[in-house]
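# Observations on chain architecture
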Amino acid sequence: MTKKISLASARRCVGRLLAQSGGLAATEFALIAPVLAMITILISDVSQAAVGAMNMEAAVRAGIQYAMNGGTDMTVARAAGVQSWGSNQPAGSTLVASEVCTCTSGAAVCGQVCTDGSTQKAFVTVTATATLGGSVIHIAKTTTQTVQIK
């Protein structure tokens, strides 16, 4: 024989359960604390990655600026970028500056007259590569800028 539970009896039972809140705050905190800790760590890592990306962009711009101001030595362009990056440069990062010259007929040797009689065009490219982030997030980023100097 089954016992029927009345609606009023069920409401009283649920009401008593809801009225008892001993340890509820501790249980809620135990559920939310790991989430809050992870958010705190991730905010730090994301901000480190963002600042690292800005520093990398500044380093590339410094190398390009050197070339735009008439500099032709790619070793000096690279040094200007590395100096701009400074102590904020992540371990294992690279910065490369290169010059490429072209004629209408194709690639050319920089500083030499084009064999087809066209005017030589020179382009400087500065590329930086680094792994950015913090203790949890690691983002591989490459930044490249190219400018025509002739």
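Residues numbered from 1 in each chain as written. Predicted model: local features only at pLDDT ≥ 70, side-chain atom pairs only at ≥ 80, totals over all residues. Heavy atoms only, no water.

### Section: the state of the cysteines
We count it as follows: In this description, the term disulfide denotes a pair of cysteine sulfurs within 2.5 Å. Each residue is assigned to one of three classes by its accessible area relative to the maximum for its type, calculated with a 1.4 Å probe on protein chains only: buried under 20%, partly exposed between the two thresholds, exposed over 50%.
Counted by the stated rule, this structure contains two disulfides. Linked covalently through their sulfurs, cysteine 101 and cysteine 110 form a disulfide whose S-S length is 2.0 Å. Disulfide cysteine 101-cysteine 110: the torsion about the S-S bond is 110°, which places it as right-handed. Judged by its relative accessible area of 2%, cysteine 101 falls in the buried class. For cysteine 110, a relative accessible area of 32% gives the class partly exposed. Ordinal numbering of bonded cysteines along the chain defines a disulfide pattern of 1-3, 2-4.

### So, the pairing of strand S1 (residues 94-103)
Quick reminder of the rule: Strand pairing follows a simple DSSP-based rule, namely that at least 2 bridges must link the two strands. Counting from the N terminus, the helices are the DSSP runs of H or I reaching at least four residues and the strands are the DSSP runs of E reaching at least two.
For S1 and strand S3 (residues 121-133), the ladder comprises nine bridges, and the chain directions are antiparallel. Looking at S3, one finds that threonine 94 is bridged to threonine 129. Pairing analysis gives three bridges linking S1 to strand S2 (residues 106-108), with the strands arranged antiparallel. Residue cysteine 101 lies in a different strand from S2, and its bridge partner there is alanine 108.

### Considerations on a nonpolar patch on the surface
Stated formally: A patch consists of residues exposed above 30% relative accessible area that lack any salt bridge, with like charges linked at up to 9 Å and nonpolar side chains (Val, Leu, Ile, Met, Phe, Trp, Tyr) linked at up to 5 Å. Here the Shrake-Rupley method, with its probe set to 1.4 Å, supplies the accessible areas, and only the displayed protein chains count as covering residues. One speaks of a salt bridge when a side-chain nitrogen belonging to Lys or Arg is within 4 Å of a carboxyl oxygen belonging to Asp or Glu.
On the surface, Phe29, Ile32, Val35, Leu36, Ile39 and Ile43 cluster together to form a nonpolar patch covering roughly 570 Å² of accessible area. Structurally, leucine 36 can be placed in helix H2 (residues 24-68). A relative accessible area of 45% places leucine 36 in the partly exposed class.

### Examining the nonpolar core
To be explicit about the condition: Each nonpolar core is a collection of buried residues, namely Ala, Val, Leu, Ile, Met, Phe, Trp, Tyr and Cys, held together in the definition by side-chain atoms within 4.5 Å. The contact rule is simple, with two residues in contact once any of their heavy atoms fall within 4.5 Å.
Counting residues in each nonpolar core, the largest one holds 18 residues, and the members touching the most others are Trp85, Val124 and Val126. Those elements giving two or more residues to this core turn out to be H2, helix H3 (74-85), S1 and S3. Looking at which element gives the most residues to this core, the answer is H2, with seven residues. With sequence-adjacent residues up to four places away left out, valine 126 is seen in contact with Val60, Gly63, Ile64, Leu95, Val96, Ala97, Thr143, Thr144 and Gln145.

### Observations concerning the packing of H2 against H3
Formally: To obtain each axis, a line is fitted to C-alpha atoms, and for helices this fit is confined to the stretch in contact; angles are then taken between N-to-C directions over 0 to 180 degrees. Roughly parallel means an angle under 35 degrees; roughly antiparallel, over 145; roughly perpendicular, 65 to 115; everything else is oblique. By definition, any crossing whose near helix is turned counterclockwise from its far helix by less than a right angle is left-handed, and any crossing with a clockwise turn is right-handed.
It is the contact of H2 with H3, at a shortest axis distance of 7 Å, that shows an interaxial angle of 150°. On the basis of their axis angle, the class for H2 and H3 is roughly antiparallel. Between H2 and H3 lies a crossing of right-handed hand. Side by side, H2 and H3 meet where Asn55, Met56, Ala58, Ala59, Ala62, Gly63 and Tyr66 of the first sit next to Val76, Ala77, Ala80, Gly81, Ser84 and Trp85 of the second.

### Focus on H2
Selection rule: Between the first and last residue of a helix there are one fewer steps than residues, each counted as 1.5 Å, and that sum is the expected span.
Taking 1.5 Å per residue, 45 residues should reach 66 Å; H2 reaches 65 Å between its end C-alpha atoms and fits that length. Summarising the contacts, the buried residues of H2 are in contact with H3, S1, S3 and strand S4 (138-148). Trailing H2 by a residue or two, glycine 70 shows a phi angle of about 105°, which is positive.

### A look at the sheet that holds S2
In space, the four strands of this open sheet follow the order S2-S1-S3-S4, with antiparallel pairing throughout. Looking at which strands have only one partner, the edges of the open sheet turn out to be S2 and S4. Across the sheet, the axes of successive neighbouring strands diverge by a mean angle of 35°, strand direction being ignored. Against the sheet, H2 contacts S1, S3 and S4, and its axis sits at roughly 160° relative to S3. Running over the sheet, H3 touches S1 and S3 and is turned about 145° from S1.

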